[in-house]
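# Observations on the model geometry
Residue-level listing of the chains:
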Amino acid sequence: MNLNNIKENIFLLKGKYMHFNVIGSRNLNLSFNGIITATYPAIFTIKTDQDKLLSFSYNDVCNKTIEIIPVKH
């Protein structure tokens, strides 16, 4: 999947409640639920259930540093 496809897919997920798995440096992994609140040319932002605002690049999705999973209600 190329970056343009990733940007389009994330734009379509904007405002939806999702689950995120993040593989960080030094084996620091995060797992949280939240909403993609905004999309920009190079990054997108997520507001977590704990009211934190996080930002990630589309390259993070391409490199599988962040995984976006639909939440089933």
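Cut-offs and rules
- Residues numbered from 1 in each chain as written.
- Predicted model: local features only at pLDDT ≥ 70, side-chain atom pairs only at ≥ 80, totals over all residues.
- Heavy atoms only, no water.
- 1 Å grid on protein atoms, 1.4 Å probe; cavity = no way out; pocket = protein on both sides within 12 Å on 5 of 7 lines; lining within 4 Å.
- Points joined across faces, edges and corners; volume = space filled by probe spheres on them.
- Helix = DSSP H or I, 4+ residues; strand = E, 2+ residues; numbered from the N terminus.
- Nonpolar A, V, L, I, M, F, W, Y, C, P; charged D, E, K, R; others polar.
- Phe/Tyr/Trp six-rings, centres within 6.5 Å; stacked < 30°, edge-to-face > 60°.
- Buried < 20%, exposed > 50% of the residue type's maximum accessible area, 1.4 Å probe, protein only.

Attention now goes to the layout of surface pockets. Taken as a whole, the largest pocket spans an internal volume of roughly 210 Å³. Within the residue set of the lining of the largest pocket, elements represented by two or more residues are α1 (3-13) and β5 (66-70). When its residues are assigned to classes, the lining of the largest pocket shows seven nonpolar, one polar and two charged.

This model, assessed by the stated rule, comprises three aromatic pairs. An angle of 35° between the planes, with centres 5.5 Å apart, marks the rings of F44 and Y58 as tilted. With F44 in strand β3 (residues 43-48) and Y58 in helix α2 (residues 58-62), the pair connects residues that are 14 residues apart, well separated along the chain. Exposure remark for F44: the relative accessible area of 0% places this residue in the buried category. A relative accessible area of 3% places Y58 in the buried class.

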